[in-house]
Amino acid sequence: MTAVEEHATPMGHGRMHRKEDARFIRGRGTYVDDVVLPGMLHGAVLRSPHAHARITGIDVSAAKAHPKVRAVITGQDLAGLDLAWMPTLSGDVQAVLATDKVRFQGQEVAFVVAEDRYSARDALELIDVDYEPLPPVVDARRALEPDAPVIRDDLEGRTDNHIFDWDTGDKAATDDVFARADVVSTQDMLYPRVHPAPLETCGAVADMDKVTGKLTVWTTTQAPHAHRTLYALVAGLPEHKIRIISPDIGGGFGNKVGIYSGYVCAVVGSTLTGKPVKWMEDRSENLMSTSFARDYHMRGEIAATSGGKILGLRVTVLADHGAFNGTAQPTKFPAGFFGVFTGSYDIEAAYCSVTGVYTNKAPGGVAYACSFRITEAVYLVERLVDVLAYDLGMDPAELRMRNLLLPEQFPYRSKTGWEYDSGDYPATLRTALEMAHYDELRAEQAAKRERGELMGIGLAFFTEAVGAGPRKHMDILGLGMADGAELRVHPTGKAVLRLSCQSQGQGHETTFAQIVAEELGISPEDIDVVHGDTDQTPFGLGTYGSRSTPVSGAAAAVVARRVRERAKIVASAMLEVSPHDLEWEKGRWFVRGDREAGRTIQEIALAAHGDLELPEGIEGHLDATCVYNPPNLTYPFGAYVCVVDVDADTGQVKVRRFVAVDDCGVRINPMIVEGQVHGGLADGVGMALMQVMPFDEDGNHLGGSFMDYLLPTSMECPSWELGQTVTPSPHHPIGAKGVGESATVGSPAAVVNAVVDALRPLGVRHADMPLTPAAVWRAAQGSPIRT
Ligand code: CDP
């Protein structure tokens, strides 16, 4: 049996139905907006209509006089509390409420607390703000021009809009490779500004109890523990007096990692009024002011031999970070994990430099369903490989197959210093090509081209890097990226697993119970998973970048193994044998050579709480804790094939087929994995074909509703065709890799490659996302929309 076959069967209880769905399908979930507390008040945010303007005065007297208004808070009020600015996840500062200037349209200017939501909204209109408009900077390139208006004049000594320069790889070696290459293909491309757009918008209910001094915040967060520490640091509150509860969350996708002004204002509002204060943003607020993603202007160069051996990659990026540097990524990585841009290929040298700039747009740059900018990196390299195939006149599948890393190269150290843990890339690509019947598709395409019909076949091969830490390399604001887990086994053998990570709908209550069930032989129905409440769970950095399974999933396995070892000692006392004479089989310890003499985990749990005499130093009970500090990231990968038909007259793209072969190591629950892949593929179709957050030249946001910012539905998606290969992660306790974001990372390139392939007879080599009918039509006329 090969390693792949051995692990191809999922863990026990594989496709069990999601435990949490019992409440979701009955409408019994509890989301932040479902939280209603006695005497609760409601907050609303006044937002700037300007992208860039100086505030010369704010008159709140009329709003304060509204009979149902309890408080009006301005930036100046917050300045008096030293709360007008808060740290961002990237070590910048961001205005909670504007004091001096507004720097993007939709920026928070004042906060009204009223007896009901409607009165709070009404009172916003009674606030009179004097703005002195300033020229906005909307274009990232313009931001770097010497005469560009300086956006961040709040930062001492700041005379331009430059945020950072960062580079990786070996420049000299890369230049050398390029100098001796037969072919160099160059392409400019934009990964447009998009938004995670979870169905549940962001919000909080803050309750400051002045008697106990305890602050409780129910909030839409993907990282409850990190939020608690940040509240303590920013507000100066003792951390043990802060409780963050993240109840059911209606999707996060990176949108709910950071702290938003509304959360802080709800806390201040509760402190001022002595009542709980709820703030829930509406859809437009969510789209206009909370974290965007991407906005990477990239130039990629790929060097190769005329025979199609890829030699090197050289990349420059201009990263538009908006008005405050609020990107979410480990501190040492200002461009996130973009350094993984060499992708899945065996190349000689690579170099990339990234420059970050401020513009008058909302801050963010979050990891929207990806591991910190890996989506941008994968898109870049997969588009470049297709451009090279175009220039060489080679089949893109053949070009990829010729350059993919080989199984014997793992663990593989990339040219930018990342250690890929495991993979059999050619096997995965072969599986995808076979499932798609690639040769037949190409024959069909050739026949259609004869008839003037536009059919495209697009490929993408991606490698992700998920599961941040380890702690020594990765932190957010000094908090090391490791996760805690606690496992309690009650006397009757039922268990409670307490985790630091937080589900936003990924099924953690099921899959983490499955992990413990596999390790201990307790039924997953007898294991409750508790998460999302800092008073009830151990510290950890939260859920984003597909890190739950690689980090908290590992923690769950390790803590269960610790319980198993404790159970061994108790069993040895029960059976009156040495622990060395015991053997484990799922659910019980028994005496080696005498299978009948054994004790189940349930019997052991009861005995551990009883009067059994235990060896010196053994305290009883089976409960255990652990902190998992991952030795490395895990590297899931996959091969995607997309087939599109393009209407040359209207530019309409129809995604006819999509084959996705994912390898995320051992699958805990294949049904959940497939659901994750389905969602990510839909995301990819959306980004490739429809989604962008556009701005006009005055900095007006033009994508503030779902009428303008389009989400894909089943109408735009084909019936996904999924396959798998299984290459376990060698360093993860159960061999699993993350998967939640793989499809979002891999699919946009496959769709764009397919559309460009369809347009090939018209001489199109590249067109930027989103490939709306208008963009496709223009590209077909020979004028691709340029960045
Ligand atoms: O961090 P996040 O939960 O978003 O992503 P993930 O760790 O990739 O997990 C997404 C869901 O898929 C969770 O319920 C995982 O337990 C499940 N999963 C799985 O069943 N097998 C894997 N190899 C990876 C994830």
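- Per an unreviewed UniProt entry, the protein chain goes by the name Aerobic carbon-monoxide dehydrogenase large subunit and belongs to Prauserella oleivorans.

**Quick word on the pairing of strand β24 (residues 495–499)**
Link 1 in the chain: Most of β24 is tucked away: five of the five residues are buried.
Link 2 in the chain: Because side chains alternate across β24, one face comprises the buried residues Ala495, Leu497 and Leu499, and the other comprises Val496 and Arg498, equally buried.
Link 3 in the chain: Relative to β24, strand β23 (residues 483–489) is paired through five bridges, and the arrangement is antiparallel. Looking across to β24, one finds that valine 489 is bridged to alanine 495.

**Observations concerning the domain arrangement of the protein chain**
Link 1 in the chain: According to the domain assignment, the protein chain contains domain 1 (32–134 + 202–280), domain 2 (293–468 + 632–780) and domain 3 (482–628).
Link 2 in the chain: Taking only C-alpha atoms, the centre of domain 1 and the centre of domain 3 are 41 Å apart.
Link 3 in the chain: Taking both sides of the interface into account, the surface hidden between domain 1 and domain 3 amounts to around 1400 Å²; carbon and sulfur atoms contribute 49%.
Link 4 in the chain: Of all residues in domain 1, Gln222, His225 and Arg243 bury the most surface against domain 3, accounting for 42% of the area lost on that side.
Link 5 in the chain: For the pair domain 1 and domain 3, the interface holds three salt bridges.
Link 6 in the chain: The tally of links from domain 1 across to domain 3 stands at nine residue pairs in polar contact (both at pLDDT 80 or more).
Link 7 in the chain: Among the elements of the structure, α8 (224–235) and β13 (242–245) are those that each provide at least two residues to the side of domain 1 that touches domain 3.
Link 8 in the chain: For the side of domain 1 that touches domain 3, the element with the highest residue contribution is α8, accounting for five residues.
Link 9 in the chain: Residues belonging to the side of domain 1 that touches domain 3 are distributed by class as follows: ten nonpolar, eight polar and three charged.

**Things to note about helix α14 (residues 438–450)**
For an α-helix, the turn length of 3.6 residues means that residues three or four places apart are oriented alike.
Link 1 in the chain: Over its 13 residues, α14 extends 19 Å from the first C-alpha to the last, a length consistent with the 18 Å expected when each residue adds 1.5 Å.
Link 2 in the chain: Tyr438, Leu441, Arg442, Gln445 and Lys448 are the residues of α14 that are buried. Take α14 and look down its axis: the buried residues cluster within an arc of 125°, on one side only. Exposed and facing more than 90 degrees away from the buried side of α14 are Asp439, Glu440 and Glu450.

**Some remarks on the confidence of the model for the protein chain**
Link 1 in the chain: Looking at the protein chain as a whole, the pLDDT averages 95, with 98% of positions reaching at least 70.
Link 2 in the chain: Every residue in residues 1–9 scores below 50 in pLDDT, and together they form seven contacts with partners more than four places removed in sequence or on other chains.

**Re the nonpolar core**
Link 1 in the chain: Among the nonpolar cores identified, the biggest contains 174 residues, and Phe337, Phe338, Val354 and Leu689 are the most heavily contacted of them.
Link 2 in the chain: Inspection of this core shows a minimum of three residues originating in each of domain 1 (32–134 + 202–280) and domain 2 (293–468 + 632–780).
Link 3 in the chain: With residues up to four places along the chain from it excluded, the contact list for leucine 689 reads Val653, Val655, Val751, Val755, Pro770, Leu771 and Thr772.
Link 4 in the chain: Counting 47 residues, the second-largest nonpolar core is a separate cluster that includes Leu520, Ala560, Met574 and Leu614.

Reading guide: rules and limits
- Residues numbered from 1 in each chain as written.
- Predicted model: local features only at pLDDT ≥ 70, side-chain atom pairs only at ≥ 80, totals over all residues.
- Heavy atoms only, no water.
- Buried < 20%, exposed > 50% of the residue type's maximum accessible area, 1.4 Å probe, protein only.
- Helix = DSSP H or I, 4+ residues; strand = E, 2+ residues; numbered from the N terminus.
- Pairing = 2+ DSSP bridges.
- Domains from an automatic or database assignment.
- Buried area = accessible area lost by both parts, 1.4 Å probe.
- Salt bridge = Lys/Arg side-chain N within 4 Å of Asp/Glu carboxyl O.
- Polar contact = N/O pair within 3.5 Å; in protein donor to acceptor, adjacent residues only side chain to side chain.
- Nonpolar A, V, L, I, M, F, W, Y, C, P; charged D, E, K, R; others polar.
- Expected span 1.5 Å × (residues − 1).
- Arc of directions from axis to C-beta.
- pLDDT = per-residue confidence, 0-100.
- Contact = heavy atoms within 4.5 Å.
- Core = buried A, V, L, I, M, F, W, Y, C linked by side-chain atoms within 4.5 Å.

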